[in-house]
Amino acid sequence: DAKTTQPTSMDCAEGRAANLPCNHSTISGNEYVYWYRQIHSQGPQYIIHGLKNNETNEMASLIITEDRKSSTLILPHATLRDTAVYYCIVRTGYSTLTFGKGTMLLVSP
Amino acid sequence: EPEVTQTPSHQVTQMGQEVILRCVPISNHLYFYWYRQILGQKVEFLVSFYNNEISEKSEIFDDQFSVERPDGSNFTLKIRSTKLEDSAMYFCASSRPTQETQYFGPGTRLLVL
């Protein structure tokens, strides 16, 4: 699976959009971009995933660049409960999840 | 919304003892997984299970570990003779076909003394 690079930490003000970047320059054509988050040692929570097109669900939006070498997870209106470690994971359909260190997002009042 | 559940939430055991961690995957899911997370470290894959067989396992999943689906609902991880370094959070996950999203349970915190 392709390796990903994420910033170690980010800050966001409550109510503002949180934009979390991820680089995956070695991604292959059949690899998906998945985002999970982990709130204080709870089980990882699935957020969203995509292959080529931008995706949106009730939690977030995923913007994937046209060359697919990077992506951005957008939480449109961050709340204090969004404080968590966010993991960007690239995987083929048949591989297990390989977690990195992720980005620690701190949402402040 | 269906969820993966795990029991117990916490388990304390003596080194050398056997432990069984239990998971109830989401009901229509066919693929099951165990991951673990040592305190302060990354989430690590242990094993995946499909059709009553191990489909993939990591180097961590040695002979001390085993998995089983004893009935139609439970999925278990057994550690035969626990070591201090087995202390970690253990997460169960499940998915429909393996290419689909994995959903995680809340975890079992195992402490080996």
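Everything below is about the structure shown above.
How each quantity is defined
Residues numbered from 1 in each chain as written. Chains lettered and ligands numbered in written order. Predicted model: local features only at pLDDT ≥ 70, side-chain atom pairs only at ≥ 80, totals over all residues. Heavy atoms only, no water. Helix = DSSP H or I, 4+ residues; strand = E, 2+ residues; numbered from the N terminus. Rg over C-alpha atoms; globule rule 2.2 N^0.38 Å. Buried < 20%, exposed > 50% of the residue type's maximum accessible area, 1.4 Å probe, protein only. Contact = heavy atoms within 4.5 Å. Areas by Shrake-Rupley, 256 points an atom, 1.4 Å probe, with all protein chains shown as cover. Salt bridge = Lys/Arg side-chain N within 4 Å of Asp/Glu carboxyl O. Buried area = accessible area lost by both parts, 1.4 Å probe. Polar contact = N/O pair within 3.5 Å; in protein donor to acceptor, adjacent residues only side chain to side chain. Nonpolar A, V, L, I, M, F, W, Y, C, P; charged D, E, K, R; others polar. Pairing = 2+ DSSP bridges. Axes fitted to C-alpha atoms, helices over the stretch in contact; angles between N-to-C directions.

**Digging into the overall build of chain A**
Logical step 1: Looking only at helices and strands, one finds zero helices and nine strands in chain A.
Logical step 2: For chain A, the succession of helices and strands along the chain, N to C, is β-β-β-β-β-β-β-β-β.
Logical step 3: Computed over its C-alpha atoms, the radius of gyration of chain A comes to 13 Å, within 12% of the 13 Å expected for a compact globule of 109 residues.
Logical step 4: When the backbone C-alpha atoms are referred to their principal axes, chain A occupies close to 40 × 25 × 25 Å.
Logical step 5: For chain A, the proportion of its 109 residues judged to be buried stands at 45%.
Logical step 6: Taking all contacts inside chain A whose residues are at least 6 apart in sequence as the whole, residues at least 24 apart take part in 56%.
Logical step 7: Roughly 5600 Å² of accessible area belongs to chain A as shown, and the carbon and sulfur atoms make up 49% of that amount.

**Quick notes on the pattern of salt bridges**
Residues and elements named next belong to chain A.
Logical step 1: Under the criterion given, the structure shown has three salt bridges over all chains.
Logical step 2: Among the ionic pairs, D82 bridges to R37, the shortest N-O distance being 2.8 Å. Of the two residues, D82 sits in the loop between β7 (70-75) and β8 (84-91) while R37 sits in strand β3 (residues 32-38), which places them 45 residues apart along the sequence.
Logical step 3: The exposure class of D82 is buried, given its relative accessible area of 13%.

**Some words on the interface of chain A and chain B**
Logical step 1: In this complex, chain A contributes 19 residues to the contact, which on the side of chain B involves 18 residues.
Logical step 2: Both sides of the chain A and chain B interface together cover about 1500 Å² of buried area, and 55% of this is carbon and sulfur.
Logical step 3: Across the contact surface, chain A and chain B share three residue pairs in polar contact (both at pLDDT 80 or more).
Logical step 4: Counting residues per element, the ones that place at least two in the side of chain A that touches chain B are β3, β4 (45-50) and β8 of chain A.
Logical step 5: The leading source of residues in the side of chain A that touches chain B is β3(A), at three residues.
Logical step 6: Classifying every residue of the side of chain A that touches chain B by side-chain character gives eight nonpolar, nine polar and two charged.

**Quick look at the pairing of strand β11 (residues 108-112) of chain B**
Residue and element names in this part refer to chain B.
Logical step 1: Along β11, the buried face is formed by T108, L110 and V112; none of R109 and L111, which line the opposite face, is buried.
Logical step 2: One ladder, built from three bridges, connects strand β9 (residues 88-95) with β11; its direction is antiparallel. The partner of Y90 across the bridge, within β11, is T108.

**Considering the sheet that holds strand β3 (residues 19-24) of chain B**
All names here are of chain B.
Logical step 1: Taken together, four strands build an open sheet; the order of strands is β1-β3-β8-β7 and the sheet is antiparallel. At either margin of the open sheet sits one strand with a lone partner, and together these are β1 (5-7) and β7 (65-68). On average, adjacent strands in this sheet sit at an angle of 20 degrees to one another, irrespective of strand direction.
Logical step 2: Pairing of β7 with strand β8 (residues 75-79) involves four bridges; the strand directions are antiparallel. From the neighbouring strand, E68 faces β8, where its bridge partner is T76.

**Topic: the sheet that holds strand β5 (residues 55-56) of chain A**
Residue and element names in this part refer to chain A.
Logical step 1: Within the open sheet, the four strands sit side by side as β2-β7-β6-β5. Their pairing is antiparallel. Each edge of the sheet is formed by a strand with only one pairing partner; in this case those strands are β2 (18-23) and β5.
Logical step 2: Pairing of β5 with strand β6 (residues 61-64), which is carried by two bridges, proceeds in the antiparallel orientation. Each bridged residue has a counterpart across the sheet, and for T56 the counterpart in β6 is S61.

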